[in-house]
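Residue-level structure breakdown
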Amino acid sequence: MKEAIFQKLEAAVVRELGCSAHDLEHVRRVYRLCLQLAVDFPAIDVDVLQAAALLHDIARVKEDKDPTGTIDHAALGATMGVALLRSFGFPEPQSAAVAHCIAAHRYRGGSVPQSLEAKVLFDADKLDVLGAVGLARSYIITGEYGGLLYSGAPLDEYIRDNLQGGAPTGRIKDISKHAANLEYELKFKLIPERLYTSRAKALAKERTAFMDQYFQRLRRELAGEL
Ligand SMILES: [Fe+2]
Ligand SMILES: [Fe+2]
């Protein structure tokens, strides 16, 4: 019964996805990471977790294509997700639990994960921006938006000049000045501290150490040292 619902959910999600860094492969990696992290929590509701993993970025394209910049894919995704779950006959209290997971999965979102399932989804989704996969996704995004291969701009100057409000969390003003190494310094490097589960924290530390090495090497190659 649940398997049939999950298949329908995945089909519905595929119809909504578009951006290559948030495609079905991202959804499937997050789904697998969720199950990997869940082994430490025998009491976790795996059905809620699986449904939330499949649905978490269902509104991502709607946010990306929103000219007003007001759509939050986590909040809208929760609404869209719960409507789908109800239409497919997913049990009611669990549908609300899935909606909370989706609403709270965003790094810079206003909603904080409260349940174990929401914490595991948050952690799994963040792990997918780290390590070799994270680097590959970063360059896909950089290529799509016309960013730089590398930026040598001092971080404090970059924050002051190219982020709204001169704040590290501000929106990027000019994407052509942005680069994956800046994204790493501003956001990815801080992720291990933001995670909830110990297994995800350990994986995140290992993945960020690899990214650190990569960007150091990139800087040295570009400087003609290697
Ligand atoms: Fe997301
Ligand atoms: Fe995601």
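Residues numbered from 1 in each chain as written. Chains lettered and ligands numbered in written order. Predicted model: local features only at pLDDT ≥ 70, side-chain atom pairs only at ≥ 80, totals over all residues. Heavy atoms only, no water.

Some details on helix H3 (residues 46–55)
Within H3, 8 of the 10 residues are buried, which leaves it mostly tucked inside the rest of the structure. Looking at H3, one finds that the buried residues are Val-48, Leu-49, Gln-50, Ala-51, Ala-52, Ala-53, Leu-54 and Leu-55. If you follow the buried residues of H3, they end up packed against helix H1 (2–16), helix H2 (24–38), helix H5 (73–87), helix H6 (92–103) and helix H7 (116–127). The backbone nitrogen of Asp-47 lies 3.1 Å from a side-chain oxygen of the residue at the head of H3, namely Asp-45. (Buried < 20%, exposed > 50% of the residue type's maximum accessible area, 1.4 Å probe, protein only. Helix = DSSP H or I, 4+ residues; strand = E, 2+ residues; numbered from the N terminus. Contact = heavy atoms within 4.5 Å. Polar contact = N/O pair within 3.5 Å; in protein donor to acceptor, adjacent residues only side chain to side chain.)

Quick word on the packing of H2 against H7
At a closest axis distance of 8 Å, the pairing of H2 and H7 adopts a crossing angle of 130 degrees. By the angle between their axes, H2 is oblique relative to H7. Pair H2 / H7 crosses with right-handed handedness. On H7, the residues that touch His-26, Val-30, Leu-33, Cys-34 and Leu-37 of H2 are Val-120, Leu-121, Asp-123, Ala-124, Asp-125 and Leu-127. Its residues assigned to classes, the contact of H2 with H7 comprises 8 nonpolar, 1 polar and 2 charged. (Axes fitted to C-alpha atoms, helices over the stretch in contact; angles between N-to-C directions. Parallel < 35°, antiparallel > 145°, perpendicular 65-115°, else oblique. Left-handed = near helix turned anticlockwise from the far one by under 90°. Nonpolar A, V, L, I, M, F, W, Y, C, P; charged D, E, K, R; others polar.)

Observations concerning the coordination of the iron ion (ligand 1)
Those protein atoms acting as donors to the iron ion (ligand 1) are Asp-57 (OD), His-73 (NE2) and His-105 (NE2), and they sit at 2.1 to 2.2 Å. Sequence positions of the residues that donate to the iron ion (ligand 1) give the spacing D-x15-H-x31-H. In this structure, the iron ion (ligand 1) lies 3.7 Å from the iron ion (ligand 2), and both are coordinated by Asp-57. One end of the pair, His-73, is in helix H5; the other, His-105, is in the loop between H6 and H7, and 32 residues separate them in sequence. For His-73, a relative accessible area of 2% corresponds to the buried category. Taking relative accessible area as the criterion, His-105 reaches 1% and is therefore assigned buried. (Donors = N, O, S within 2.8 Å, 3.2 Å for Na, K, Ca; no water.)

A few points about the side chain of Ser-151
In this fold, Ser-151 is placed in the loop between helix H8 (131–145) and helix H9 (155–162). For Ser-151, a relative accessible area of 8% translates into the label buried. Looking at Ser-151, its side chain comes within polar contact range of the main-chain nitrogen of Ala-153, at 3.2 Å.

Some points on the coordination of the iron ion (ligand 2)
Bound to the iron ion (ligand 2) on the protein side are His-26 (NE2), His-56 (NE2), Asp-57 (OD) and Asp-125 (OD), at distances that span 2.1 to 2.2 Å. Of note is the iron ion (ligand 2), whose 4 donor atoms meet at the metal with angles of 87 to 174 degrees in an arrangement that counts as irregular. Considered as a linear motif, the donors of the iron ion (ligand 2) on their single chain read H-x29-H-D-x67-D. (Tetrahedral: all angles 85-135°; square planar, octahedral: opposite > 155°, others 65-115°.)

A short note on the state of the cysteines
Taken as a whole and judged by the stated rule, the model has 0 disulfides. Looking at the unpaired Cys-34, the closest cysteine sulfur is the one in Cys-101, lying at 8.4 Å. Taking relative accessible area as the criterion, Cys-34 reaches 1% and is therefore assigned buried. Residue classification places Cys-101 among the buried residues on the basis of a relative accessible area of 0%. (Disulfide = S-S within 2.5 Å.)

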